[in-house]
Each structure stands twice: as C-alpha cells, then as structure tokens.
Amino acid sequence: MSSAREEILARIRQACSGDAESAAASYAEITRQYQQAAKLSREEILGLLTERLIEYDAHVYRARETEIAALCRELFARRGAKRIVVPGDLPGAWQSGAEFVADEDLDARELDRFDGVMTAATLAIAETGTIVLQNAHAQGRRAISLVPDYHLCVVREQDVVETVVEGMRLLEATRHLPTTLFSGPSATADIEMTRIKGVHGPRFVDIVILGA
Amino acid sequence: MSETELDPRVAPSFPKAAKASLRDAQLRANVRRATDTIQAKRHKLVEEKKDWQELRESARQIRAHVLEHLRVYLEEFERNFTRAGGHVHWARNDREAQEIVVAIAKEAGADEVIKIKSMTTEEIHLNDALEAAGIHAYETDLAELIIQLGHDRPSHIVVPALHKNRAQIREIFLREMHLTELGENPADLAEAARKFLREKFLRVQTAVSGANFLIAETGGVCIVESEGNGRMCLTLPETLISVVGIEKVIPRFADLEVFLQVLARSATGERMNPYNSIWSGVTPGDGPRNMHVVLLDNARTAVLADSEGRQTLQCIRCAACLNACPVYRQTGGHAYGSVYAGPIGAILTPQLMEMQHGESLPYASSLCGACYEVCPVKINIPEVLIHLRNKVVAQKGWYAPEALAMKAMASVFRSERRFRAAQRLARMAQLPLARRDLPIVGQDAPTGQDSGSGWVKWLPGIFGGWTQTRDLRAIPRESFREWWESRLT
Ligand code: SF4
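The model shown is predicted, which means the values in this text are computed figures rather than measured ones.

### Concerning the environment of Thr140(B)
Here is step 1: Inspection of the secondary structure puts Thr140(B) in the loop between β3 (136-139) and α8 (142-149).
Here is step 2: When the C-alpha positions of Thr140(B) and Arg198(B) are compared, they lie 9.5 Å apart, and in sequence the two are 58 residues distant.
Here is step 3: Those residues in contact with Thr140(B) that lie beyond four places of it in its chain are His200(A), Ile114(B), Lys115(B), Ile116(B), Leu197(B), Phe201(B), Glu227(B), Asn229(B) and Cys233(B).
Here is step 4: Polar contacts involving the side chain of Thr140(B) include one to the main-chain carbonyl oxygen of Lys115(B), which spans 2.7 Å.
Here is step 5: Within the local environment of Thr140(B), its side chain forms a polar contact with the side chain of Asn229(B), the two groups lying 2.9 Å apart.

### Brief notes about the pairing of strand β2 (residues 83-86) of chain A
For a regular strand, the rule is simple: side chains alternate between the two faces of the sheet.
Residues and elements named next belong to chain A.
Here is step 1: Of the strand pairs in this sheet, β2 and strand β3 (residues 99-102) are connected by 4 bridges, and their pairing is parallel. Across the sheet, the residue bridging to isoleucine 84 is phenylalanine 100, located in β3.
Here is step 2: Pairing of β2 with strand β4 (residues 116-120), which is carried by 2 bridges, proceeds in the parallel orientation. Paired with valine 85 across the two strands is valine 117, which belongs to β4.

### Focus: the interface of chain B and chain A
Here is step 1: Contacts between chain B and chain A engage 95 residues on the former and 78 residues on the latter.
Here is step 2: Buried area between chain B and chain A, summed over both chains or domains, comes out near 7700 Å², and the portion from carbon and sulfur atoms is 57%.
Here is step 3: Three residues stand out in chain B for area buried against chain A, namely Arg71(B), Arg194(B) and Glu257(B), and they jointly supply 9% of the buried area on that side.
Here is step 4: Between chain B and chain A we count 12 salt bridges in total.
Here is step 5: Where chain B packs against chain A, one counts 38 residue pairs in polar contact (both at pLDDT 80 or more).
Here is step 6: The element that contributes the greatest number of residues to the side of chain B that touches chain A is helix α10 (residues 186-203) of chain B, accounting for 12 residues.
Here is step 7: In terms of residue class, the side of chain B that touches chain A is built from 43 nonpolar, 22 polar and 30 charged.

### Remarks on the packing of aromatic side chains
Here is step 1: Inspection of every chain in the model, using the stated rule, returns 6 aromatic pairs over all chains.
Here is step 2: Ring plane angle 70 degrees and centroid distance 5.7 Å describe the contact between Phe76(A) and Phe100(A), whose orientation is recorded as edge-to-face. Of the two residues, Phe76(A) is situated in helix α4 (residues 68-79) and Phe100(A) in strand β3; the sequence distance between them amounts to 24 residues.
Here is step 3: Residue Phe76(A) is classed as buried on the basis of its relative accessible area, which comes to 1%.
Here is step 4: Ring centres of Phe14(B) and Tyr336(B) lie 4.8 Å apart, and the angle between their planes is 55 degrees; this geometry places the pair in the tilted category. Note that Phe14(B) is positioned in helix α1 (residues 14-23) and Tyr336(B) in the loop between α15 (326-331) and α16 (342-352), a separation of 322 residues in sequence.
Here is step 5: A relative accessible area of 3% means that Tyr336(B) is categorised as buried.
Here is step 6: Site record: aromatic cluster; members linked through ring pairs are Phe76(A), Phe100(A) and Tyr150(A).
Here is step 7: The aromatic ring of Phe114(A) is capped on one face by Arg83(A), whose charged end is 4.2 Å from the ring centroid.

### What to know about the nonpolar core
Here is step 1: Counting residues in each nonpolar core, the largest one holds 160 residues, and the members touching the most others are Phe173(B) and Leu256(B).
Here is step 2: Residues contacting Phe173(B), with those up to four places away along its chain left out, are Leu142(B), Leu145(B), Ile146(B), Leu149(B), His178(B), Leu179(B), Leu182(B), Leu189(B), Ala192(B) and Ala193(B).
Here is step 3: Counting residues in each nonpolar core, the second largest holds 21 residues, with Phe76(A), Val86(A), Met118(A) and Val208(A) among its members.

### Let's talk about the pattern of salt bridges
It is possible for side chains bearing opposite charge to pair when their charged atoms get close.
Here is step 1: Summed over all chains, the structure comprises 49 salt bridges over all chains.
Here is step 2: Put simply, Arg62(A) and Glu43(A) hold a salt bridge, and the shortest N to O gap is 3.4 Å. Of this pair, Arg62(A) sits in strand β1 (residues 59-64) while Glu43(A) sits in helix α3 (residues 42-55), and the two are 19 residues apart along the sequence.
Here is step 3: We classify Arg62(A) as partly exposed; its relative accessible area is 41%.
Here is step 4: Here Asp7(B) and Arg9(B) are joined by a salt bridge, their closest N and O atoms 3.1 Å apart.
Here is step 5: For Asp7(B), a relative accessible area of 14% translates into the label buried.
Here is step 6: Owing to a relative accessible area of 40%, Arg9(B) belongs among the partly exposed residues under this scheme.
Here is step 7: Within this structure, Glu51(A), Arg52(A), Glu55(A), Glu48(B), Arg265(B) and Arg271(B) form a network of salt bridges that share partners.

### Focus: the site of the ligand
Here is step 1: In the neighbourhood of the ligand, the contacting residues comprise Cys315(B), Ile316(B), Arg317(B), Cys318(B), Ala319(B), Cys321(B), Ile344(B), Cys375(B), Pro376(B), Val377(B), Ile379(B) and Ile381(B).
Here is step 2: In the shell around the ligand, the residues fall into 11 nonpolar, no polar and 1 charged.

### Considerations on helix α3 (residues 52-68) of chain B
Here is step 1: The end-to-end C-alpha distance of α3(B) is 24 Å, a good match for the 24 Å that 17 residues give at a rise of 1.5 Å each.
Here is step 2: Burial of α3(B) is extensive: 13 of the 17 residues sit out of reach of the surface.

### A short note on the sheet that holds strand β4 (residues 206-209) of chain B
Residues and elements named next belong to chain B.
Here is step 1: The strand order β1-β10-β7-β4-β2-β3 describes an open sheet built from 6 strands, whose pairing is parallel. Every other strand in the sheet has two partners, leaving β1 (87-91) and β3 as the edge strands with one partner each. In this sheet, neighbouring strand axes are inclined to one another by 25 degrees on average, regardless of whether the strands run parallel or antiparallel.
Here is step 2: Direction of pairing for β1 relative to strand β10 (residues 290-296): parallel, over a ladder of 5 bridges. When the bridges of β10 are listed, histidine 87 appears paired with histidine 292.
Here is step 3: Taken strand by strand, helix α5 (residues 94-107) contacts β1, β4, β7 (239-245) and β10, and its axis lies near 150 degrees from that of β1.

### Considerations on the confidence of the model for chain B
Residue and element names in this part refer to chain B.
Here is step 1: Scored by pLDDT, chain B comes out at a mean of 84, with 81% of its residues at no less than 70.
Here is step 2: Long-range and interchain partners of residues 425-481, a stretch whose pLDDT sits below 50, account for 105 contacts in this model, where long-range means more than four residues apart.
Here is step 3: Note on the complex model: pTM 0.88, ipTM 0.96.

### Brief notes about the pairing of β4(B)
Residues and elements named next belong to chain B.
Here is step 1: Side chains Thr206 and Val208 project from β4 onto one buried face, and the interleaved Ala207 and Ser209 project onto a second face that is buried too.
Here is step 2: As paired elements, strand β2 (residues 112-115) and β4 share 2 bridges and run parallel to each other. Counterpart to lysine 115 in the pairing with β4 is valine 208.
Here is step 3: The sheet contact formed by β4 and β7 spans 4 bridges and is parallel. Following the sheet pairing, valine 208 is matched in β7 by isoleucine 241.

Procedures and definitions
All residue numbers refer to positions counted from 1 along the written sequence of the respective chain. Following the order in which they are written, the chains are lettered starting with A and the ligands numbered starting with 1. Local features are withheld for residues below a pLDDT of 70 in this predicted model, meaning they are given only at 70 or higher, and side-chain atom pairs are given and counted only at 80 or more; totals for whole chains, interfaces and linings count all residues. Side-chain measures were taken over the full set of non-hydrogen atoms in the model, leaving aside hydrogen atoms and water. Labels follow the DSSP assignment, with helices taken as runs of H or I lasting at least four residues and strands as runs of E lasting at least two, numbered in each case from the N terminus. Should any heavy atoms of two residues lie within 4.5 Å, those residues are considered in contact. For the purposes of these results, a polar contact is taken to be a pair of N or O atoms within 3.5 Å, where, inside protein, one atom must be able to donate a hydrogen and its partner to accept one; residues adjacent in sequence count only when each atom of the pair is a side-chain atom. When DSSP finds two or more bridges between two strands, those strands count as paired. The term buried area refers to how much accessible surface (probe radius 1.4 Å) is lost by two components on association, counted for both of them together. We define a salt bridge as a contact between a side-chain nitrogen of Lys or Arg and a carboxyl oxygen of Asp or Glu at a distance within 4 Å. Any residue that is not Ala, Val, Leu, Ile, Met, Phe, Trp, Tyr, Cys, Pro, Asp, Glu, Lys or Arg is counted as polar, Gly included; the first ten are nonpolar and the last four charged. Aromatic rings from Phe, Tyr and Trp, with only the six-membered ring used for Trp, were paired whenever their centres fell within 6.5 Å, and each pair was classed as stacked if the ring planes differed by under 30 degrees, edge-to-face if by over 60, and tilted otherwise. Summary of the burial criterion: residues with accessible area below 20% of their type's maximum are buried, those above 50% are exposed, and those between are partly exposed, where the area comes from a 1.4 Å probe applied to protein chains only. For a lysine, the NZ atom is tested; for an arginine, the CZ atom; a charge sits over a ring if that atom is within 6 Å of the ring centre and within 35 degrees of the ring normal. In these notes, a set of buried Ala, Val, Leu, Ile, Met, Phe, Trp, Tyr and Cys residues joined through side-chain atoms within 4.5 Å is what counts as a nonpolar core. If even one non-hydrogen atom of a residue comes within 4 Å of a molecule or strand, that residue is called near it. By this rule, a helix spans an expected 1.5 Å times one less than how many residues it contains. Note on definitions: angles span 0 to 180 degrees between N-to-C directions of axes, and those axes are lines fitted to C-alpha atoms, for helices only across the stretch in contact. The quantity called pLDDT is the predictor's confidence in a given residue, expressed from 0 to 100.

Okay, here's the thing in structure tokens:
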C-alpha cells in the first residue's frame, strides 16, 4: 500500500514544483473580489431568508421566546406529529404540544418510528435559504434530523446572515464538527429536471425564526 | 440504449456511437428538453449573481493553486483525516482501488453496500468488482437507481438518467420493483424510490461514496446532494468508504465559500444544493465508526505532468459544459463511450487513458467555446481539445482514423451552420480588436489562461449578442473545421 502512496507522491513531485513554503505565499496571492459582507438591513435579511425558504416549500414562522411554546403546540397539531425526538439539550421551554423523547443513541429503526424531530440550528444564510446544523448545542447528532419525516427547526434571529461567505466564516470556529447545510426539504430534479420535494430526508420542514 | 459500454477501452468510437444516438429520436428529445430546462435555470441564477465572474476567477485560481501544490495538500489531508480517526489509502489505478474497497467491505463483513452517486466509482467500474466479490451495491441516488434498475448506463455527470423521461422511468420501476400500481408524476416516482430504499438505509451497514471536496486543513470531506440519500449513506452505516480522485482536495475550509456557491448554480441551477455535508474523520456517537478515503490516481498524475492538459483537473464536475454543448445536446452522453461525457469527457477521457483510447473524443466538438463560457473554474476546454488533437496527430499522423471518421459526423455539426457563418463574420469584425499574434490552429496553442494575446474582451454587434460570451478566444483565421475540411477535399 505504501508503495502506491510513494509512487503517486513521487509522480506529483515530478509534475509540479510546489512545496510547503511556496504554497503559503501562493495561497495568499489568490484574489477574492467577490461579495463578502452583507448589504441588506437586518429586517431585509430576515425577509430574504423567509422568501427563499418558502420558495423551497418550507414553512416559516417568526416568534419571540415567550411565544414559542404556543407556536410549537400549533405546529405539531397541524402536522399531526405526536412523538418527537429531540437532542438532550434542547431548551425545555420549547418542548410543548407533543411527547418528547431525548435522543440517547437510538438506532435508525427507532428514529424512523418518530413523527418528527425538533432541533435548534447553528446559523442560517438568507441569500440561499440555507440552515446549518452541527453536532453542537441543541442540534444533536446528524441521524436525528435526517430519519424522521418532519423537522421543526428553530433558528435565532441573531444567527441569520446574508451571504454564504459570512456564514462559512462564522463556521470556521467549529469547522471540525459534523456539519449539514440544508436548503429546504429533500428534493430531486432527476426526473425531467423538475424539482420535486421529498425523497429521503425530511419531506416536511417548519422553520421558526426566534426573536429575542 | 441499454448496456452501452462506457469503458473507453472497448467502446465504439464517438462518430460510430453518435450516429446510433442520432437515430434515437426519443433520446434526443429527452436530452434536449432536460438540458434546455437546466440551462434556463442556471442562466437565471448566474444573472442574479452580480459577483459571478469574480467567484469564477477565485475558483479557478484556487483550483490551479491546488494542482501546483498537490503533494502538499494531499499530505496535509492525509495527516488530518488520520488524526481524526480515519484511514487513508492510495490507489495507483482502478484495479488497486477496487481491491482496496472490496477488502474493506469484506473486513466489515458486508455482502451488500449502499452507494452515493459518484463519478469516480463509475470510472473504476466499482459495482462490477464488488459484484464479482459477492457484494451487491445498491445505488441510492434516484437517477442512479433508474440506471441500475434499467440495466442502463449514466449519460450525464449530474443527472445520469436525463435521457429517460417519466414514462420510461415508470416502466422500469413497475418492472423492477414488482409494483402493480404506480402513478406517472415525478412525485409518484420519487415516492416509489423512497419506499424501495428506506429499508436498505435502515439495514445496510457499509456505504460507498465519492466526494466533491477534500479539505486539507481539517481532514474534511464534503459531499453535496439533493435527495438525502447521501446523508443516509454517510450517517447511518458503521463503515463509510469514499473513493476520491487526488485532484479533489482544496486547501482550507474557507474555500468552500467559493465552491459551494459556484457548484450549485452551475450544476442544477439552484442557489444551494438541498444538502451539503461536511465532516472530518470519525466523531464518536455521530456517524460511521470506520471511515476510509481511497485516493485515486488512475492517470491523473500523467495529466498533471502535461502543462497544457493540466487545467482539466480543475474540474468540479458540475456538468454545465455538457448542458451547453451543441454536440452533447444532439448525441446525449452514451456516444462518448465513457462515464465522463460532453466537453469535459472529450478532454478528460483520452487523458485518463493516456491517449491510448478515446482518441476520437477530442474531435467531438466544434470548438464553439460554449463550454468555456459556462465553466465555473474557467477550464479552457477548446484549448485543451486542440492540444489533444495535436497529440493524436503526433501519434498517428494526419490521417488518424479517428479524425477522418469525424468527417462522417457532419450531421452533428450541420445544425451549426449559423454558428459557422457567425464565426466567419466575427473574424472579419474582430480584426482591429485582437492582436495578430494568434496561434494558427493546428499548431500549439498557448498555455495558461487570460494570457493576453489573442483574447477578445469585447465584440461588437451581432457576435456579442449571439454567444453572450464574456471572454472569448479570438477566432483563428481559419477555424479548425474549415482547415480540416480543406485538407480533405
Ligand atoms: S469542465 Fe467546467 S463546466 Fe465542465 S463539468 Fe468541469 S467544472 Fe463543470
């Protein structure tokens, strides 16, 4: 095995001269003239995120901390979702209107029997209607937000950015964590290039944008 | 078109295969319809992105920088992925890669694996090798499932089953999933796939994937997808094996800010793919415990060593060049006799075969430049095509059978009469605009991009509107076509 490694690396060395020293200098010279900072106001950014998510067929709600329990009751009732899996550290005050089960290494088949999952999010990117989940506070491991068919996801207003660039730079600090970016419910365009919602990931997605 | 062999070693030459495709009216209608749709979506989203050209330029620079420092970044990736609990393997060629994957799967006790769509595993014909070892591979991407159940071959890099319409897909599903009833809306078909695969996701404990990007700095792997089948495969099993071309590495996590933006818009005409997953090695309690990356050379180092062909390795497999190519749009993908179809296939396949097979492919183009115009990493495909044609000629002489056979391909190019007329017109119109130190086609084209000479940044009137080309190669005094035809007649 190692001989394949040595041989490939030797061939690369023969083909190009780049080494560790020249790499740093050459990387620094890469030009990045694309848009990096936000241009919109906070309210416009939240509006843009909402618009994009709705385009993808997600449902979007705004609520304050004091209203979230009531909103959850309403959403779970509307979705007919009775048993909800949650990460162990999801704020208790949010858990209202269903039977909540904290994830403790549940296997895939057990996850498949839940009506839905509720998590927080690391951040959201308005420009592309993208929500970022990480194995971090109140978001749990990747499987729980994947197997159930319905996902209620709470993202805080202050964690919404305008551009992809801003979003990825905020993720720098936690870039080693398993990370999932999702933009709407699962979808496919494999049949005649028509985007249709709902294949293997959650087919029903409600996003709550949480104000202070 | 089922059972088309996509192995350049045994596939018929492009002109021969293309002729068969051209006779298949249904196939042409399906391909035309799908590529029209995807191009319209892409166009709209690229137009709205005001910094598109800046993103493209950064994407190109990062990819070119990686290739120049490939060894540094591969070693860095290996170090970091290993430190994070993963295993890195190196494969010189397809056979070695197959053996590594089979060995890992066997060690995991697998007699079946679930697969995320991956061009690299198609390139090495991994499913056949697994099958020969008694391991059944389930394709889980909807399009790949259609291909697998239909005993067909992929015809497009991003949408492998775009040559099939809904009625044909319904027939395949009815037959192969043993269904008695099935609607024919795309949503019904997707629902059938969901049911068919769910049980496999919940049961099978070994998965095989490719990867869109490897991140050197973090030992990270990134996979973009739409359906969630990828997330299922990379999250639920115990073992995950990712087969990745050595060129797929990028320096830093931050570089994703460029590639995620250009890839989705170019590939599917979306602002972002529905799902992007990024992980670094093993995370206890979250995802597979056994994580393997197989780094595949398979002649990529030979491409790297060719300073003019090297830019081919910048490719991020978005397939925008396929959708834009007038030849691909006429013939579909199977005619290219390789899993890599269209303009990128025309330059990649012969190089991966070290110019021993697929030599007709560099001729499967009218050099119209549409591929270069849409490429998000600015690969100058026409330039590489000409370079490869020269190689074919150097090997086989002017009367290389591949080149001569392309004359029989006139029917593919015929619809482009308008294009050629415009090409001549443009030549006349550009005289005061381009410097006259152009290479004569048929001789070596200059290397590097945007090198200055012979590049027309602005074209007046009809030609500018006709292609919407932003950065167009000055038209040689005699196009390759005219020149070639004049030699033969
Ligand atoms: S060559 Fe460019 S346009 Fe074609 S698939 Fe590769 S990145 Fe996309």
